[in-house]
Amino acid sequence: MYRRSSRKIFWFFILPFVVYFSLYTWNWRTGILDRFATKIGLEYVGWILVPGEWIQKKSTSIWDRYLYLVDVTSKNAALNIQLHEMRIEMVRLKEEAAQAERLRYLFSFAPPHGWTFQGTRVMAHRLGPNAGLDTILLDKGLKDGLTSRIPVVTPEGVLGRVLRVSEHFSTVLLITDPNSRIAVVCTQHRTPGILVGSGSGEPLRILYVPLNAAMNEGDILLTSGLAGIFPKGLPVARITKIVRSNASLFKEIWAEPLVSMKKPEEVLLLFHHPASTGEDEGNGPIVSLLKEG
Amino acid sequence: MVQFLWWFGFTLSAIWLQKFFPGVDFLVPGLLICLQEKKYGLAGWMGFVWMLLQEGAGGLSFGPGLLWYGGLVGFYLIFQIFFEPENIFFVIILSAFLGMWHFTVANIMALLQDVIPAQWTLLRESAAMFILFPVAWRLTHGLYRRWVPRDPT
């Protein structure tokens, strides 16, 4: 009797536990199952979502074209695109003007490397029970030249960075995830800090800002470019609250993302091209993508 | 053929529903139905395919999918001794377990993979899983009974 029950315990609990952790540690060392799941799982999920996206897009398009005001909608969309482009251009020019002022006093100046944009669609947000992280699914992958760590932005600011990539699809870690860390500086005083997420819908936190450092509520935070993932000068967040802590050497600072994290539909991928002049930055792809839609 | 088409359509619809309910698994009622119908071979194959899809779409390294579906199968095998598996109370107890299991698996994986879990988001997803699972199961079960003929055995 005792032998039978101990055998049952072995078959139902101990053996599955041992098999699971053997698989887990083997994958942790080799990454084979990760690559397999990404190649097969992410790819198939992406393809499953594609027809639905198409139906949704077509039905919305029919509604917009035939039941709503035809010209006003298309003109409004075009103007919105123009407005977004002007906004990002304005932030870039402002940052460049401020940078030029500072660099006038310096002897050596390394020109920023060129970056190009590519537009893409968001297919889903935090898909499935194993999402774990605050992520979105994009309809671009390895075949489009994507690799992990590629910055993902919208005309309003930084959204996150590419985390996993399959042949045609990829997942993006959003800046609201607690595992996201971005080196930032505030526009006005150039005070550096590390921007950390606190979960979806929660305010962002800025760490390691000394008590005597200048930083005000309402200041815009820009990427500092120090980590080498994001280009310097992209707007990320706006400071909402600053508290001077008595127990810490650093200020407690909260911020809100400039990008609406609710339902981004189209985003921009930033590709680093050290050799390019950067003349065509921000042109084309997103506009053509939106026009296609 | 009907079986194949049914499970194919179910998989497509469930993944589509997951797009609208972040963090909720709509494939898990299918696995429960396979177990309730005592189609253990089919449960194994479908479970493997669904685990692969969920692992691929997820943000963490390989592991949570296996633990998630393994937990469901373990719970089913133990509690079917005490309850009638097709009884709605069994399904409600199972949905409570799945709600807690979702939170537990995410935290275990976060600990093992050295990532920080967003606890409030996980709690919201666990609550959604608890509420939506019985509804999803009832709907899936009803459609399955309507469309898929029972084995003569």
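Calculation notes
- Positions within a chain are numbered from 1, following the residues in the order the chain's sequence is written.
- The lettering of chains begins at A and the numbering of ligands begins at 1, in the order of writing.
- Predicted model: local features are reported for residues with pLDDT of at least 70 only, side-chain atom pairs are reported and counted for 80 or more only, and whole-chain, interface and lining totals are derived from all residues.
- Based on all heavy atoms of the structure, the side-chain values leave hydrogens and waters out of the count.
- Grouping buried Ala, Val, Leu, Ile, Met, Phe, Trp, Tyr and Cys residues that are joined through side-chain atoms within 4.5 Å yields what is termed a nonpolar core.
- In this scheme, a residue with accessible area under 20% of its type's maximum is buried, one over 50% is exposed, and one in between is partly exposed, where area comes from a 1.4 Å probe on protein chains only.
- Residue contacts follow a heavy-atom distance rule, with two residues in contact if any of their heavy atoms lie within 4.5 Å.
- By this definition, two strands are paired if DSSP reports at least two bridges between them.
- Going along the chain from the N terminus, every DSSP run of H or I of four or more residues is numbered as a helix, and every run of E of two or more is numbered as a strand.
- Think of each axis as a best-fit line through the C-alpha atoms, taken over the contacting stretch in the case of a helix, with angles from 0 to 180 degrees between the N-to-C directions.
- Buried area counts how much accessible surface, traced with a 1.4 Å probe, disappears from two parts once they are put together, with both parts' losses summed.
- The working definition used for a salt bridge is a side-chain nitrogen of Lys or Arg within 4 Å of a carboxyl oxygen of Asp or Glu.
- Under the rule applied, a polar contact is a pair of N or O atoms within 3.5 Å (in protein, one hydrogen donor and one hydrogen acceptor; residues adjacent in sequence only if both atoms are side-chain atoms).
- We call Asp, Glu, Lys and Arg charged. Ala, Val, Leu, Ile, Met, Phe, Trp, Tyr, Cys and Pro are nonpolar, and the rest, Gly among them, are polar.
- For every residue, the predictor reports its confidence as pLDDT, a number between 0 and 100.
- Of the grid points, spaced at 1 Å and generated over the protein atoms alone, those admitting a 1.4 Å probe that cannot get out make up cavities, while open sets with protein on both sides within 12 Å along at least five of seven lines make up pockets; any residue with an atom within 4 Å of a point is treated as lining.
- Grid points are joined across faces, edges and corners, and a volume is the space filled by probe spheres set on the points.

Visitor: Please explain the nonpolar core as it appears in this structure.
Guide: It is characteristic of soluble globular proteins that their nonpolar side chains tend to be buried jointly. Membership of the largest hydrophobic core comes to 58 residues, with the highest contact counts inside it found for L49 of chain A together with W7, W50 and L98 of chain B. If sequence neighbours within four positions are ignored, L98 of chain B has contacts with V28, W68, L72, M129 and F133 of chain B. In terms of nonpolar packing, the next biggest core, distinct from the first, is built from 41 residues, C186, V209, M215 and V259 of chain A among them.

Visitor: Please clarify how the sheet that holds strand β4 (residues 157–165) of chain A should be interpreted in this entry.
Guide: Backbone hydrogen bonds are what pair the strands of a sheet, in a parallel or an antiparallel way. Residues and elements named next belong to chain A. Strand order around the closed barrel formed by six strands is β1-β2-β5-β4-β3-β12, with antiparallel pairing between neighbours. In this sheet, adjacent strand axes meet at a mean angle of 45 degrees when their direction is disregarded. Where β4 meets strand β5 (residues 170–174), five bridges bridge the pair, whose relative direction is antiparallel. What sits directly across from R161, in β5, is L173.

Visitor: What is the right way to read the pairing of strand β7 (residues 192–196) of chain A from this model?
Guide: Residues in a regular strand point their side chains to alternate faces of the sheet. Residue and element names in this part refer to chain A. Both strand β6 (residues 181–186) and β7 contribute to a ladder of five bridges, which runs antiparallel. The partner of V185 across the bridge, within β7, is P192. With antiparallel pairing between neighbouring strands as the criterion, β6 and β7 make up a hairpin whose turn holds five residues, including R190 at a positive phi of roughly 60 degrees. Judged from the three bridges that link them, β7 and strand β8 (residues 204–207) form a sheet pairing that is antiparallel.

Visitor: I would appreciate a short explanation of the interface of chain B and chain A in the present structure.
Guide: Interface size, as often reported, equals the accessible area lost upon joining of the parts. If you look at the interface, chain B gives 40 residues, while chain A gives 42 residues. Between chain B and chain A, a total of about 3600 Å² is buried, with carbon and sulfur atoms accounting for 66% of that surface. Of all residues in chain B, the largest losses of buried area upon contact with chain A belong to W16, K19 and F62 of chain B, amounting jointly to 18% of the total for that side. Joining chain B to chain A, the criterion identifies one salt bridge. Between E125 of chain B and R126 of chain A there is a salt bridge; the shortest N-O distance is 2.1 Å. One can count 14 residue pairs in polar contact (both at pLDDT 80 or more) joining chain B with chain A. Going through the elements one at a time, α1 (2–20), α3 (40–57), α4 (64–79), α5 (88–113) and α6 (119–147) of chain B are the ones with two or more residues in the side of chain B that touches chain A. If one sorts the elements of the side of chain B that touches chain A by residue count, α4 of chain B sits on top with seven residues. Class assignment of the residues belonging to the side of chain B that touches chain A gives a composition of 23 nonpolar, 12 polar and five charged.

Visitor: How do you make sense of the pairing of β4 of chain A when you look at a structure like this?
Guide: Residues and elements named next belong to chain A. Counting buried residues in β4 gives eight out of nine residues, a clear majority hidden from the surface. Relative to β4, strand β3 (residues 151–154) runs antiparallel, the two sharing four bridges. For P151, the partnering residue across the bridge sits in β4 and is R161. Linking two consecutive strands that pair antiparallel, namely β3 and β4, is a turn of two residues. The hairpin turn running from β4 into β5, its antiparallel successor, is four residues long.

Visitor: What's the story with the confidence of the model for chain A in this structure? I'm lost.
Guide: A low pLDDT score tells you not to read the predicted coordinates there in detail. All names here are of chain A. Overall, the predicted model of chain A reaches an average pLDDT of 79, with 83% of residues at or above 70. This model gives residues 105–112 a pLDDT under 50, and the stretch forms one contact once residues within four places in sequence are excluded. Taken as a whole, residues 277–293 scores under 50 in pLDDT and shows 27 contacts with residues more than four places along the chain or in a different chain.

Visitor: Would you mind showing me how to read the side chain of T121 of chain B here?
Guide: Within the secondary structure, T121 of chain B sits in helix α6. A relative accessible area of 6% places T121 of chain B in the buried class. The residues contacting T121 of chain B, other than those within four sequence positions of it, are R126, G199 and S200 of chain A.

Visitor: Help me understand empty space enclosed by the protein, please; the structure alone is not making it clear to me.
Guide: Sizing a probe to match a water molecule and rolling it over the atoms shows the empty space that remains. Across all of its chains, the model carries two cavities of 30 Å³ or more by this definition. Estimated volume of the largest cavity: approximately 70 Å³. P129, N130, A131 and G132 of chain A together with L60, P64, W68, H102, V105, A106 and L122 of chain B are the residues that line the largest cavity. Examining the composition of the lining of the largest cavity, we find that three residues originate from one element, α5 of chain B, more than from any other. Grouping the amino acids of the lining of the largest cavity by side-chain chemistry returns eight nonpolar, three polar and no charged. A volume near 50 Å³ is recorded for the second largest cavity. Every residue lining the second largest cavity is listed: A124, H125, R126, L127, T135, I136, L137 and T171 of chain A together with A57 of chain B. For the lining of the second largest cavity, the elements supplying multiple residues, two or more each, are β1 (114–125) and β2 (135–138) of chain A. For the lining of the second largest cavity, the element with the most residues is β2 of chain A, which contributes three residues. Looking at the lining of the second largest cavity, its residues break down into five nonpolar, three polar and one charged.

Visitor: Is there a simple way to explain the layout of surface pockets in this structure?
Guide: Its volume calculated, the second largest pocket comes out at about 1200 Å³. Lining the second largest pocket are 35 residues, and of these P16 of chain A together with G70, G71, V73 and G74 of chain B sit closest to its centre. Broken down by secondary-structure element, the contributors of at least two residues to the lining of the second largest pocket are α1 (2–30) of chain A together with α2 (28–36), α3, α4 and α5 of chain B. By residue class, the composition of the lining of the second largest pocket is 28 nonpolar, six polar and one charged.

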